[in-house]
Amino acid sequence: MIYFITGNRHKYVEAKKIIDDIEMKHIPYPEIQADSLEEVAKFGIDYLKNKIEAKFFLEDSGLFIDALKGFPGVYSAYVFKTIGNDGILKLMEGKKERKAYFKAVIAYYDGSVHIFQGICYGEIAMEKRGEGFGYDPIFVPEGSKKTFGEMSKEEKNKYSHRGKALMAFKKFLNSQ
Ligand code: ITT
């Protein structure tokens, strides 16, 4: 059994579909202001490693929009809470260049730290479509016409940053 330390149930439900032997645990940890998701994730591990007996992992993710020079990036959670999808669509108004990517960094601690990452390229839709969480309704992955919000969790996992990072993590666990 491995703990997934997160306060975001959607992330957990997606992860559980790929790695069954996990359990969600919400222990808040500081998400430092840093330039990269890797730094944020590693700081989280350092903060938590003496507080949790079992093996655990956490995941830091973000949406990076080319036309906005990588914004919201490491600030994705805060930006979603403040301006949300409507705010992002407003910033993108009139922009033809709509390329963006999602990135997920998983940091796993089993006595030492292991990092796994996944990237999903795509673009920002012209309007919100579907449900999901966070930026799901406005992100269309490459190779699909649907937004993440219009996909089932299984279909999203096939394309998504999180799905890819989780598959790399699963491969590592299976090789142990
Ligand atoms: P934790 O407790 O795991 O930190 P969180 O939601 O705060 O949960 P992050 O700090 O990694 O997660 O913030 C990333 C934000 O980026 C998240 O809140 C969403 O708004 C957005 N995001 C990340 N992955 C996403 C996905 O697959 N679909 C839609 N939005 C996503």
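Scroll up a little and you will see the structure.
Reading the values: rules and limits
- Residues numbered from 1 in each chain as written.
- Predicted model: local features only at pLDDT ≥ 70, side-chain atom pairs only at ≥ 80, totals over all residues.
- Heavy atoms only, no water.
- Helix = DSSP H or I, 4+ residues; strand = E, 2+ residues; numbered from the N terminus.
- Rg over C-alpha atoms; globule rule 2.2 N^0.38 Å.
- Pairing = 2+ DSSP bridges.
- Axes fitted to C-alpha atoms, helices over the stretch in contact; angles between N-to-C directions.
- Salt bridge = Lys/Arg side-chain N within 4 Å of Asp/Glu carboxyl O.
- Buried < 20%, exposed > 50% of the residue type's maximum accessible area, 1.4 Å probe, protein only.
- Right-handed = clockwise from strand over helix to strand, strands pointing away.

Colleague: Quick question: what am I supposed to make of the overall build of the chain here?
Modeller: Across its full length, the chain carries 6 helices and 6 strands. Each helix and strand of the chain, placed in order from N terminus to C terminus, yields the pattern β-α-β-α-β-α-α-β-β-β-α-α. Against the 2.2 N^0.38 benchmark of 16 Å for 176 residues, the chain shows a C-alpha radius of gyration of 16 Å, consistent with a compact globule. Seen through its C-alpha atoms, the chain measures out along the principal axes to roughly 50 × 30 × 20 Å.

Colleague: Help me understand the sheet that holds strand E5 (residues 113–124) in this model?
Modeller: Strands sit in the order E2-E1-E3-E4-E5-E6 across an open sheet of 6 strands; the sheet is mixed. Each edge of the open sheet is held by one strand with a lone partner, namely strand E2 (22–25) and strand E6 (139–141). Across the sheet, the mean angle separating the axes of adjacent strands is 35 degrees when strand polarity is ignored. Relative to E5, strand E4 (residues 99–109) is paired through 11 bridges, and the arrangement is antiparallel.

Colleague: Just checking my understanding: could you explain the pattern of salt bridges for this structure?
Modeller: Pairing is possible between side chains of opposite charge, provided their charged atoms come close. Applying the stated criterion to the full structure yields 14 salt bridges. Put simply, Arg129 and Glu150 hold a salt bridge, and the shortest N to O gap is 3.2 Å. Placement of Arg129 in the loop between E5 and E6 and of Glu150 in the loop between E6 and helix H5 (153–159) is noted, with a sequence separation of 21 residues between them. The exposure class assigned to Arg129 is partly exposed, which follows from its relative accessible area of 24%. Shared partners join several salt bridges into a network, and the residues in it are Lys11, Glu14, Glu59, Asp136, Lys156 and Arg162.

Colleague: I tried to follow the pairing of strand E1 (residues 2–5) on my own but got confused; where do I start?
Modeller: In regular strands, side chains alternate between the two faces of the sheet. Residues Ile2 and Phe4 point to one face of E1 and Tyr3 and Ile5 to the other, with burial holding for every one of them. Pairing geometry for E1 and E2, over 4 bridges, is parallel. Note that in E2 the partner of Ile5 across the bridge is Lys25. The handedness of the E1 to E2 crossover, carried by helix H1 (residues 9–18), is right-handed.

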